[in-house]
Amino acid sequence: MSETEAAATGSKPAITSYDDPKAPWNQEYSDEDIARWNDGVIQEFRDSAGQVGGAYAGSELVLLTTTGAKSGKRHVVPLGLLRRGETLYVSSFIEDRYPAWYHNVKADPNVTIEFGNTVYRGTARALDGAEYDEFAGWVAANNPLLADYQAKVSRPLPLVVLEIGEPLGPVAGMASDA
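Quantities reported herein were computed from a predicted structural model and do not represent experimental measurements.

Digging into the overall build of the protein
The helix and strand inventory of the protein stands at five helices and seven strands. The helix and strand sequence of the protein, counted from the amino end, reads α-α-β-β-β-β-α-β-β-α-α-β. Each of the 178 residues in the protein was classed as buried or not, and the buried ones make up 34%. For the protein, the share of sequence-separated contacts (at least 6 apart) that also reach a separation of at least 24 residues comes to 64%. Split by element, the accessible area of the protein, about 10300 Å² in all, is 50% carbon and sulfur.

Here is the structure:
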């Protein structure tokens, strides 16, 4: 589909290369924009039953709440939800270091997962060893964007499997269906 056709249908062309100049991570943002980036996504997610627009329109997101490995404070981060059959996983692009959420789940796998309009208790398990190698091979073969990015960096991508547990209630700001 051309960009013109995508614009006419309201969809956007898929980003299949990390270097795509239209990708949100390749845009220029001020330091203040970067510091507040997640705040707007989190608020929109909570106000719209997990649906967000802009750069993430049409993407399936979760809000992952972790406990800081050093601070002990709760931290919320929006992440694209990825699937391998029934297995839910998250990852992210890395530059010079792994993201804080990854260190947090390695230190404490007990998380809260906001998915759609429901909050769940959950477990986040950072993959390693042979399990990581097998899963990373599958990701490289089935997720062109992560494979493209992994080819450009020397550090292995963080791969974390999410296990969704019992529902805790509606997402903050959402009206309950009950």
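Moving on, there is more to tell.
Re the pairing of strand E4 (residues 87-90)
Look at any regular strand and the pattern is simple: side chains alternate between the two faces of the sheet. Examined bridge by bridge, strand E3 (residues 82-84) and E4 share three bridges and lie antiparallel to one another. When the bridges of E4 are listed, Arg84 appears paired with Thr87. Between E3 and E4, which pair antiparallel and follow one another directly, the connecting turn spans two residues, one of which, Gly85, has a positive phi of 60 degrees. As judged from the three bridges shared by E4 and strand E7 (residues 160-170), these two strands associate in the antiparallel manner. Along E7, the bridge assignment pairs Val90 with Val160.

Let's talk about the nonpolar core
Leu64, Trp101, Val160 and Leu162 are the most contacted members of the largest nonpolar core, which totals 28 residues. Contacts of Leu162, omitting those with residues within four sequence positions, involve Val62, Leu64, Leu81, Leu88, Tyr89, Val90, Ile113, Thr123 and Ala124. Listed in part, the six residues of the second largest apolar core include Val41, Phe45, Val52 and Leu61.

Observations concerning the packing of aromatic side chains
Scanning all chains against the criterion turns up six aromatic pairs. Both rings, one in Tyr89 and one in Phe135, keep their centres 5.0 Å apart while their planes meet at 85 degrees; by these two values the pair is edge-to-face. Of this pair, Tyr89 sits in strand E4 while Phe135 sits in helix H4 (residues 129-142), placing them 46 residues apart in sequence. Take Tyr89: its relative accessible area is 2%, and that puts it in the buried class.

About the thresholds
Residues numbered from 1 in each chain as written. Predicted model: local features only at pLDDT ≥ 70, side-chain atom pairs only at ≥ 80, totals over all residues. Heavy atoms only, no water. Helix = DSSP H or I, 4+ residues; strand = E, 2+ residues; numbered from the N terminus. Buried < 20%, exposed > 50% of the residue type's maximum accessible area, 1.4 Å probe, protein only. Contact = heavy atoms within 4.5 Å. Areas by Shrake-Rupley, 256 points an atom, 1.4 Å probe, with all protein chains shown as cover. Pairing = 2+ DSSP bridges. Core = buried A, V, L, I, M, F, W, Y, C linked by side-chain atoms within 4.5 Å. Phe/Tyr/Trp six-rings, centres within 6.5 Å; stacked < 30°, edge-to-face > 60°.

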